[in-house]
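Observations on the model geometry
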Amino acid sequence: VLGAVTPDARRDEGLRLARLFQRVTGWAPRHWGRGLIGYGSYHYRYDSGREGDFLATGFSMRAKEISLHILPGYSAFPEIAARLGKHRRGKSCWYIKSLSAIDEAALEDLIRAGLEDLSSQFEVSAS
């Protein structure tokens, strides 16, 4: 997946991010389709009866931004967000323009906090 990312600088950034996620989680990456690279997984079941499996944390190298999947997306982690650097948030994704524009130590803390939050609500499995 990352081998197809262009330009070269963006691909290198994705490879660096992959190493960071693997170092923080201790899990091997798994391709989840549509460019998603995930670490770990969890099974969800909603009151509506809908259920499925999804990555526990991960990222996607989009053309204009990098999406960081910090699940389940219910917590804003304001102290970490203040240290992260320039970003914007969606429901369960944090978007950054470039890995060089953020504090990587804050990103590591964000990944850990997201996994802790997710693990408090769902059973998380290694990938």
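Residues numbered from 1 in each chain as written. Predicted model: local features only at pLDDT ≥ 70, side-chain atom pairs only at ≥ 80, totals over all residues. Heavy atoms only, no water.

Our focus in this paragraph is the side chain of His69. By the secondary structure assignment, His69 is in strand β4 (residues 66–70). In terms of polar contacts, His69 uses its side chain to reach the side chain of Ser67, at 3.2 Å. When neighbours within four sequence positions are excluded, His69 is seen to be in contact with Leu36, Leu55, Ala56, Thr57, Gly58, Phe59, Ser60, Ser92 and Cys93. (Helix = DSSP H or I, 4+ residues; strand = E, 2+ residues; numbered from the N terminus. Polar contact = N/O pair within 3.5 Å; in protein donor to acceptor, adjacent residues only side chain to side chain. Contact = heavy atoms within 4.5 Å.)

The next thing to look at is the packing of aromatic side chains. According to the stated counting rule, one finds six aromatic pairs in the structure shown. Their ring planes at 55° and their centres at 6.1 Å tell us that Tyr42 and Tyr44 sit as a pair that is tilted. The two residues Tyr42 and Tyr44 agree in class, both being buried. Measuring from ring centre to ring centre gives 5.1 Å for Tyr44 and Tyr46, while their planes differ by 35°; the resulting arrangement is tilted. Residue Tyr46 is classed as partly exposed on the basis of its relative accessible area of 37%. Here the aromatic cluster, defined as three or more aromatic residues joined through ring pairs, consists of Tyr42, Tyr44, Tyr46 and Phe122. (Phe/Tyr/Trp six-rings, centres within 6.5 Å; stacked < 30°, edge-to-face > 60°. Buried < 20%, exposed > 50% of the residue type's maximum accessible area, 1.4 Å probe, protein only.)

Under the definition given, this model contains six salt bridges. In this structure, Arg16 engages Glu104 in a salt bridge whose closest nitrogen and oxygen atoms are separated by 2.2 Å. With a gap of 88 residues between them, Arg16 in helix α1 (residues 8–25) and Glu104 in helix α3 (residues 104–119) connect regions that are remote in the sequence. Exposure remark for Arg16: the relative accessible area of 34% places this residue in the partly exposed category. Here Glu104 falls in the partly exposed class, since its relative accessible area comes to 24%. One connected set of salt bridges, linked through shared partners, spans Arg83, Asp109 and Arg112. (Salt bridge = Lys/Arg side-chain N within 4 Å of Asp/Glu carboxyl O.)

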